[in-house]
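Single-letter residue listing:
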Amino acid sequence: MSTGATGTAEPGGATLELELYGPDPSAAELAGLREALAAAGAARVERTLLTAPESDQRVAELVEVATLIVGGVGNVVAVVETVRQWMARRHAAAARRAVTSADEEAVPRVRVTLDGDTLELVHPSERATDEAIARFYDRHRTAGGGGVGPSGGPAR
């Protein structure tokens with residue numbers, strides 16, 4: 001799947017593509033994510049049409065993917081951390097209600113793509129995920145992913 005906008009430079013920062021897998025987020029969940037991304041410094045958040053997953057995925061994983069284009073990102077760390085917090089809240093809310101279908105039991109994940117470099121976030125994260133996130137931050141510290149500090153954390 002290609003949107004043509006992934007990783008493109010734009011005034012005021014980078015453009016990231018967020019692919020949201022798992023149970024479809026409600027309109028309220030998406031609105032909350034958009035607001036949180038704007039608060040994290042994204043200049044724009046656009047939802048693209050739902051698409052089918054890439055063909056190399058297992059048939060059991062064939063769920064629709066909601067894709068958001070997040071533009072004007074000056075601080076990649078803030079955006080990734082915002083997505084992680086959104087996933088944690090979503091996971092907590094799902095744990096509080098009764099599961100009514102196998103789709104609701106699917107492990108949600110978000111793919112973050114910047115300049116062709118993809119990071120996959122799953123909640124709850126594991127040590128390997130945390131290490132992958134740190135490497136992603138290191139790779140984008142100087143490559144248009146401003147706002148990343150020397151330790152891979154947010155710049156101060």
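The structure displayed is predicted, hence computed values, not measured ones.

Peer 1: Where do I start with the pairing of strand β4 (residues 66-73) in this structure?
Peer 2: The two faces of the sheet receive side chains in turn, since in a regular strand these alternate between them. Buried residues dominate β4, accounting for eight of its eight residues. Pairing geometry for strand β2 (residues 13-21) and β4, over six bridges, is antiparallel. The residue of β4 that forms the bridge with L20 is A66.

Peer 1: I keep staring at helix α4 (residues 127-139) and nothing clicks. Help me out?
Peer 2: What sets the pattern is the α-helix's 3.6 residues per turn: residues three or four places apart point alike. The end-to-end C-alpha distance of α4 is 19 Å, a good match for the 18 Å that 13 residues give at a rise of 1.5 Å each. Turning to α4, its buried residues are T129, I133, F136 and Y137. What you see down the axis of α4 is that its buried residues fit within an arc of 100°, all on one side. In α4, the exposed positions that point more than 90 degrees away from the buried face belong to R127 and A128.

Peer 1: What am I meant to see in the pairing of strand β6 (residues 117-122) here?
Peer 2: Burial along β6 is one-sided: the residues D117, L119 and L121 are buried and none of T118, E120 and V122 is. One ladder, built from six bridges, connects strand β5 (residues 109-114) with β6; its direction is antiparallel. Within β6, the residue paired with T113 across the bridge is T118. Between β5 and β6, which follow one another and run antiparallel, lie two residues, and D115 among them has a positive phi close to 50°.

Peer 1: In this structure, what is going on with the packing of helix α1 (residues 27-39) against helix α2 (residues 76-96)? I would like to understand it.
Peer 2: The description of two packed helices rests on the angle between their axes and on the distance between the axes. Two numbers describe how α1 lies on α2: the axes approach to 10 Å, and their chain directions differ by 150°. Taken together, the axes of α1 and α2 are roughly antiparallel relative to one another. The chirality of how α1 crosses α2 is right-handed. Between α1 and α2, the residues in contact are E29, L33, A36 and L37 and V79, T82, V83, W86 and R90, respectively. Along the lines of polarity and charge, the residues of the contact of α1 with α2 split into six nonpolar, one polar and two charged.

Peer 1: What is the right way to read the confidence of the model for the protein from this model?
Peer 2: Caution is warranted with low-pLDDT regions, since their predicted coordinates should not be read in detail. In this model, the protein carries a mean pLDDT of 74, and residues with pLDDT of at least 70 account for 66%. Here residues 1-10 is modelled with pLDDT under 50, and outside its nearest four sequence neighbours on either side it reaches 22 contacts, counting other chains as well. Low pLDDT (under 50) marks residues 147-156, which in the prediction has 21 contacts with non-local residues, meaning those over four places away or in another chain.

Reading the values: the criteria
- Residue numbers run consecutively from 1 along every chain, following the written order of its sequence.
- Two thresholds apply to this predicted model, a pLDDT of at least 70 for residue-level local features and 80 or more for giving and counting side-chain atom pairs, whereas whole-chain, interface and lining totals are computed over all residues.
- Just so you know, side-chain values use all the structure's heavy atoms and leave hydrogens and water out.
- Think of it in three bands: with a 1.4 Å probe and only protein chains considered, a residue is buried below 20% of the maximum accessible area for its type, exposed above 50%, and partly exposed in between.
- By the criteria applied, helices consist of DSSP H or I runs no shorter than four residues and strands consist of E runs no shorter than two, each listed in order from the N terminus.
- Any two strands with at least two DSSP-identified bridges between them are counted as paired.
- By this rule, a helix spans an expected 1.5 Å times one less than how many residues it contains.
- What the arc covers is the set of directions going from the helix axis to the C-beta atoms.
- For every element, the axis is a line fit to its C-alpha atoms; helices are fit only across the contacting stretch, and the angle between N-to-C directions ranges from 0 to 180 degrees.
- Here roughly perpendicular refers to angles of 65 to 115 degrees, roughly parallel to angles under 35, roughly antiparallel to angles over 145, and oblique to all remaining angles.
- The crossing is said to be left-handed when, going from far helix to near helix, the turn is anticlockwise and less than a right angle, and right-handed when the turn is clockwise.
- Contacts between residues were defined by any pair of non-hydrogen atoms, one from each residue, lying within 4.5 Å.
- The classification used treats Ala, Val, Leu, Ile, Met, Phe, Trp, Tyr, Cys and Pro as nonpolar, Asp, Glu, Lys and Arg as charged, and all other residues, Gly among them, as polar.
- Within a predicted model, pLDDT stands for the predictor's per-residue confidence, ranging from 0 to 100.

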